[in-house]
Amino acid sequence: MFGYCFDLFPKTRLYSHSYHLNMETRKLEYDSTLGGPVVLGTHMPTYKYAASALKELKELISATKQTTSTKLIFQSLPKHMRRRAMSHHPKRLPRKYRAAHIHQMSKSGKPQQTKRPSRKHRRRPKNLLKDYLRRQRKHQWLETHIWHAKRFHMIEKWGYKLPYASCDKTYRACYRATTEHCLLQDISFHACIEMKGTVSKLKDGFDRLTSRECGLSIAAKTFLTGRREGCIDIFRDGQYPYKALGKVSFIWRCEDDEAKAIDGNRTLWLWVHAASYHQILEELVKVFDLKNQRFKKLPLEEKHEMTATESPSESKSLPIKKERRLQFMTKSTIRRNVPIYKNDQTHVEVRELKDTLNRFRLTGPLAQSVLQKALKVTDLEKIVNAKENWIGDYLNNDNFQVIHKKQSEFWTSCRERITSPGELLSNMVLALNIEDFRLNRPEKRSKALITPNAQIFHEASDFLCDIQPLLSSSPLWCEEIRNRISNEMLSTHEYCSLRAKHAIVPGKPCRFEDSMQPIPVVLIQRPGSQDGGYKRLAYGCGWDVIAPAGYGMSLWLSLIMWGARPGGLREFETVAREMGTEEHLPDTIGGLQIHGHRYNELYNKYFRLPPGKRCNYRKFSIVSPFRVPFKQLIRDWDTRVDPMQTVETKETDFYILRDRTKLQAIADCVKKCTLHKFPQDLEPQCMIQIKLKLKSRGNPGDFSVICLPNKKDFKKNLKQIVQRNHDPIYVEPLLPDPNEKERKRLRLEHKKQLKRLRSRRVREKRKKQETSKTKVIIRPAGTKAMCLEQLKKMCKLWLPEDTETLFSVRKQGTRDCFGYITSAHFCLTEGNVGGIGYVTVEGLRQLLKLCQQCRVKQPQCLIRSTNSRNYRLAAFQVNVNV
């Protein structure tokens, strides 16, 4: 409008015509008592004229909009916007017409209709907390369950209700977070076991459960100081290398006295995966000869506390509405009784700290930036009313203040010198006392970025080498302090109420926030990939954060608000696959459970298909399409057994090779394609983990077979490379199915029998209808048992998996099978299809011998999918850090 006025009224000299005439005649027509002659200005600002004109135009437009029609508001809308229900539901009208519509309806005397509450609202429980506890009887919830349940697909696993994957399409986004940003996962289902005793007693016990061939022992000097976290493989007592239970991470508590640290009573934390928790705890009780003491009651209230957490975008916008913005949840301290196992002679004690600590995992280069923004170290000098919480007992302790100062200085130095957690000491442990997570949260979600100081960045090497063990000292190790922190926690509902009462300016800090208790946390660095020749260096690096019970949701929301992307169990598999390994090896408790569940799922899915849609694996020469028959494969490759008697031998147990020395020797042989230093003392029962990479097209999928090529295959591969031909190296001939005629015969007989039984029931019904005057109902068929028996017969004819007596896994095709792929997928870090597989020792030895004879620079093997007859070549590497 202003531009329009400028065009119409340019800045010109304005004259008064009458005044101009009067001035020419020099006649004064104004009374002197009124001020004498008045002279008009020679210029007038255009914007003032435009403003007055704009006001008049607005009044004119508003006047034209007013109508004298007798129509109602909803009747004056365009035809395409009219709805019959608008007269009853004002919310169906545009927002600007609702007030006038409600006013018109109120004049007509029509009563306003109240909306019936939704079914969800009518069926809501009276006590939400009791309903939550009732739903946790079978599967327990994490502290972040309510947040995940609204955004993730939840599955029941290992006694927990866990998030599997986001409801959005975030597969590639989560991968990008691990490589360029930050991925956040809740791993609180990893249980903590606290052990107390002398170093010598604990070392002797774990020597029976572990082996030094797999890596450093639990009593290594680098771990005893407490500045680094270690990882060991746990086996059954004296059963190494068989009967593997799983991997266990451990941390020693830092001690000031060096003599006590070497041979005194020490405290050890074991972090165990939920899949093998009960088995490992059982072995610990058995090895250390522990007896179950009575339950120790934690000083918690009899009634579980209920905390409320706000949504991420509403941390500072108060007051808030409870109906819309509060999410109720329960703390993880629902276990009021901590089981204790003790040996009075050796004074070794074990406590189950399961579900009493929260643990979150951040993966990616920006994990350092996210933590630097979310965790603000507490200033002890600014604490108000310290006697009301646990920090009051530590303020007079000079040693605690010195340690706190060093931890604060180290964390501040990381901001200036470190850009990625992969630059720090591998597996280092750092303890911090930080402010409440809710005090350092942005108003809206933002990406945390840190730019290091260029002058100090070059001094990072000296800074990384000088890491003192006292940096890992934390009050979180004390059970009494952990309980006080959880009990004295200011719930989110109370915090929001105080903010609504005391906050004058929204988003600004309040005085009561200075009296909130500090929160001790423990940070554990994860180095990621350490072999640049095997996988990209430092991929998968990050931090693990251990926080006390009750603060899980607050910490989770803070990390989310600072730019971390949430992930679920699917991302554990993805990260492990991209790193060239598996989270659960096939010979562990977790691996056996996963493979068994997967087999049942695929088996039932296969037989839910109609016969015409099922893949005939007999014609494709596939013995086991839904699982890996490791025991039968080892049986067929065992050179100590007569091949003619293979069908009569029993299955033998197997294990995954974890000996670092032997794996390194095998990896060197594979890399150089030679048998010069190949270990000769390997048992035939061991399987070797390899990482495969397809050389051409195709995605074989899980449970694909790994076969030995011959000289013709290598020659054909060279010709295809020259011709740029992507055809398969070899095609398995189609075999006849010996059970096909038998299946058709049984199916026809089964249908005839069902039809015969139904005809018999129909004839009985007709006879009764001739004499009966009431409605006659046909009797039930009663053929359930017969149908189940028919299903079992058909399953055996479709998939005869009795490989012990019927088939040879090694000779299932024209190419000898010497391994299986357990996980195959498109590898985003390398840009091609890859997978994780396991091969036998003798099969790998024959492959290297063949490659050496054919003068192949890089050893390759044949891969064939379960639903295809095409063989394709794939290169492979041996994983040393299994």
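Structural notes, computed from the coordinates. (Residues numbered from 1 in each chain as written. Predicted model: local features only at pLDDT ≥ 70, side-chain atom pairs only at ≥ 80, totals over all residues. Heavy atoms only, no water.)

**Let's talk about the environment of Asp 436**
Then, number 1: In this fold, Asp 436 is placed in the loop between β16 (429-434) and α16 (454-457).
Then, number 2: Sequence separation of Asp 436 and Ser 554 is 118 residues, and the distance between their C-alpha atoms is 8.5 Å.
Then, number 3: Engagement of the side chain of Asp 436 in a polar contact is seen with the side chain of Arg 438, the distance being 2.9 Å. (Helix = DSSP H or I, 4+ residues; strand = E, 2+ residues; numbered from the N terminus. Polar contact = N/O pair within 3.5 Å; in protein donor to acceptor, adjacent residues only side chain to side chain.)

**Regarding the side chain of Gln 860**
Then, number 1: Within the secondary structure, Gln 860 is located in strand β26 (residues 860-864).
Then, number 2: Overall, Gln 860 belongs to the buried group, its relative accessible area being 9%.
Then, number 3: Ignoring sequence-local partners within four residues, the contact set of Gln 860 consists of Lys 695, Pro 709, Phe 714, Asn 717, Leu 847, Cys 851, Leu 873, Ala 874, Ala 875 and Phe 876. (Buried < 20%, exposed > 50% of the residue type's maximum accessible area, 1.4 Å probe, protein only. Contact = heavy atoms within 4.5 Å.)

**Things to note about the pattern of salt bridges**
Then, number 1: According to the stated counting rule, one finds 35 salt bridges in the structure shown.
Then, number 2: Linking Lys 535 and Glu 830 is a salt bridge whose minimum nitrogen-to-oxygen distance equals 3.2 Å. One end of the pair, Lys 535, is in the loop between β17 (519-526) and β18 (542-548); the other, Glu 830, is in the loop between β24 (817-827) and β25 (832-840), with 295 residues separating them in the sequence.
Then, number 3: Owing to a relative accessible area of 6%, Lys 535 belongs among the buried residues under this scheme.
Then, number 4: The salt bridge partner of Lys 662 is Asp 681, with a shortest N-O separation of 3.6 Å. Of this pair, Lys 662 sits in helix α24 (residues 660-672) while Asp 681 sits in the loop between α24 and β21 (686-694), and the two are 19 residues apart along the sequence. (Salt bridge = Lys/Arg side-chain N within 4 Å of Asp/Glu carboxyl O.)

**Quick notes on the sheet that holds β16**
Then, number 1: Reading across the sheet, the 6 strands line up as β16-β17-β18-β15-β3-β19 and stay open at both edges, with mixed pairing between neighbours. Two strands lie at the open edges of the sheet, namely β16 and β19 (565-566), each paired on one side alone.
Then, number 2: Here strand β3 (residues 183-186) runs beside strand β15 (residues 357-363); their pairing, made up of 4 bridges, is antiparallel. Within β15, the residue paired with Leu 184 across the bridge is Leu 362. (Pairing = 2+ DSSP bridges.)

**Here we look at helix α25 (residues 711-723)**
Residues lying three or four places apart along an α-helix face the same way, a consequence of the helix completing one turn every 3.6 residues.
Then, number 1: End to end, α25 covers 19 Å across 13 residues, agreeing with the expected 18 Å (1.5 Å per residue, within 8%).
Then, number 2: Where α25 is concerned, the buried positions are Asp 713, Phe 714, Asn 717 and Gln 720. Around the axis of α25, the buried residues are gathered within 120° of arc, so they sit on the same side. Every exposed residue of α25 that faces more than 90 degrees away from the buried side is listed here: Lys 712, Lys 715, Leu 718, Lys 719, Val 722 and Gln 723.
Then, number 3: On the buried face of α25, the contacting elements are β23 (730-731), α28 (841-853), β26 and β27 (870-878).
Then, number 4: Here α25 starts with a cap whose side-chain oxygen sits 3.3 Å from the backbone nitrogen of Lys 712, and that cap is Asn 710.
Then, number 5: Within two residues after α25, Arg 724 carries a phi angle of roughly 55°, on the positive side. (Expected span 1.5 Å × (residues − 1). Arc of directions from axis to C-beta.)

Keep in mind these numbers describe shape, not what the thing actually does.
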